[in-house]
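Single-letter residue listing:
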Amino acid sequence: MKVLNDIDELPSGLRYALAIGTFDGVHRGHVRVLKALTRAAAKGNAATVVLTFDPHPAATLRGSSPDLLCDPAERLELFEHMGVDVAVVQRFDRRFASQSAETFLARISADRDLQALVLTSESAFGRDRSGGIADARRLAKRFGYRVIEVSHLEVGGAPISSSRLRSLLASGRLSDVRRLLGRRYSVVGTVVMGDQRGRTLGFPTANLHFDRDVALPANGIYAVRVAWDADDPAARRHRRHGVASLGVRPTFETSGARVLEVYLFDFDGDLYGKRLRVEFVRRLRGEKRFATSAALIRQMKRDALRARQILDSLP
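Everything numeric here is computed off the predicted structure, so don't read it as measured data.

Rules and cut-offs
Residues numbered from 1 in each chain as written. Predicted model: local features only at pLDDT ≥ 70, side-chain atom pairs only at ≥ 80, totals over all residues. Heavy atoms only, no water. pLDDT = per-residue confidence, 0-100. Helix = DSSP H or I, 4+ residues; strand = E, 2+ residues; numbered from the N terminus. Contact = heavy atoms within 4.5 Å. Polar contact = N/O pair within 3.5 Å; in protein donor to acceptor, adjacent residues only side chain to side chain. Salt bridge = Lys/Arg side-chain N within 4 Å of Asp/Glu carboxyl O. Buried < 20%, exposed > 50% of the residue type's maximum accessible area, 1.4 Å probe, protein only. Axes fitted to C-alpha atoms, helices over the stretch in contact; angles between N-to-C directions. Parallel < 35°, antiparallel > 145°, perpendicular 65-115°, else oblique. Left-handed = near helix turned anticlockwise from the far one by under 90°. Nonpolar A, V, L, I, M, F, W, Y, C, P; charged D, E, K, R; others polar.

Looking now at the confidence of the model for the protein chain. Detailed reading of the predicted model is not advised wherever pLDDT is low. Looking at the protein chain, the pLDDT average stands at 90 and 93% of residues meet or exceed 70. Looking across the protein chain, the model is least confident in helix 10 (residues 197-200), with a mean pLDDT of 60, and most confident in strand 1 (residues 2-4), with 98.

See below:
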């Protein structure tokens, strides 16, 4: 898959079908759009192109954005897995946001053969989100493309959406998240130096730092699967089972900031600086304050045993 940084970098003369969206999480609803894109491209013997944005449009338009369900690198990895030919990661700044819907459509059509534009009923583009599917249809003849409307995918009587997924995550409802996402939820972070308290308790942990504000599940203890060296094609992808603690560590005097730390089973190595993907498999319990370190250690041993049993039973 080829990755571009601006829609103007699309080659002159390119015959393509285009889907537009933030695609945060690349959930099952997004997958439906991408499959429609693939079908539309095949019908016109065209390339599949996805236009996505970084930063999140809300950061530019409203000054803040929701926590991400996947960072841009993971989004691209998922696009490639879906067979997308070209991904354009467009910088969403004031200048880009200020163009009219008509100017935008003229821009993506100029010197190229735009065969199909894949949209949903809620798709919007152009200044103040003024352009929608009705505008795309009105201007289709002028710019020579077909409009493909994709219906929303519903689960449990409501459409799948990134905001719904964030709400389920915040409640710790991992099975519902998996049902909407189409896979288990995971986050990617870099291992940094912590206070090394876990080592003194007999459970050395990898503390994760996130480059961006990522959506995390409810505070608690989780059975997790962990992978690293995923970004280096020359390296063997390492995998381990483990147990993760997410929260403010109420047993100890802390800053109150949420921390994700992972204890890996049967591992004794140096992970500092590594990028780890942590896949949340099962929430074992909520976060709890213990009266003594000894009581905490006893509970940690129980958590680890239960996590091993759950993870060892996975296919």
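This next bit is on the environment of Arg137. As for its position among the elements, Arg137 is in helix 6 (residues 133-138). For the pair Arg137 and Ile148, spaced 11 residues apart in the sequence, the C-alpha separation amounts to 9.4 Å. Every residue in contact with Arg137, bar those within four places of it in the chain, is listed here: Val147 and Glu149.

Right, let's talk about the side chain of Ser186 for a bit. Mapped onto the fold, Ser186 is located in strand 9 (residues 186-192). One polar contact links Ser186 to Arg277, side chain to side chain, over a distance of 3.4 Å. In this view, Ser186 contacts Leu69, Glu74, Arg277, Val278 and Glu279; residues no more than four positions away in its chain are not counted.

Now for the pattern of salt bridges. One pass over the full model with this rule turns up 17 salt bridges. One salt bridge in this structure joins Arg166 and Asp24, with 2.6 Å as the shortest N-O distance. Remark: Asp24 occurs in the loop between strand 2 (15-20) and helix 1 (28-43) and Arg166 occurs in helix 8 (residues 162-170); sequence separation between them is 142 residues. The exposure class of Arg166 is buried, given its relative accessible area of 17%. Among the residues examined, Asp24 registers a relative accessible area of 2% and is labelled buried. Here the residues in one salt-bridge network are Asp6, Asp8 and Arg107, joined through shared partners.

The axes of two packed helices give the description: the angle between them and the distance between them. At their nearest, the axes of helix 8 and helix 9 (residues 174-181) sit 8 Å apart, and the two run at 160 degrees to each other. Compared by their axis directions, helix 8 and helix 9 come out roughly antiparallel. As for the relative orientation of helix 8 and helix 9, their crossing is left-handed in sense. Side by side, helix 8 and helix 9 meet where Arg164, Leu165, Leu168 and Leu169 of the first sit next to Leu174, Asp176, Val177, Leu180 and Leu181 of the second. Grouping the constituent residues of the contact of helix 8 with helix 9 by class yields seven nonpolar, no polar and two charged.

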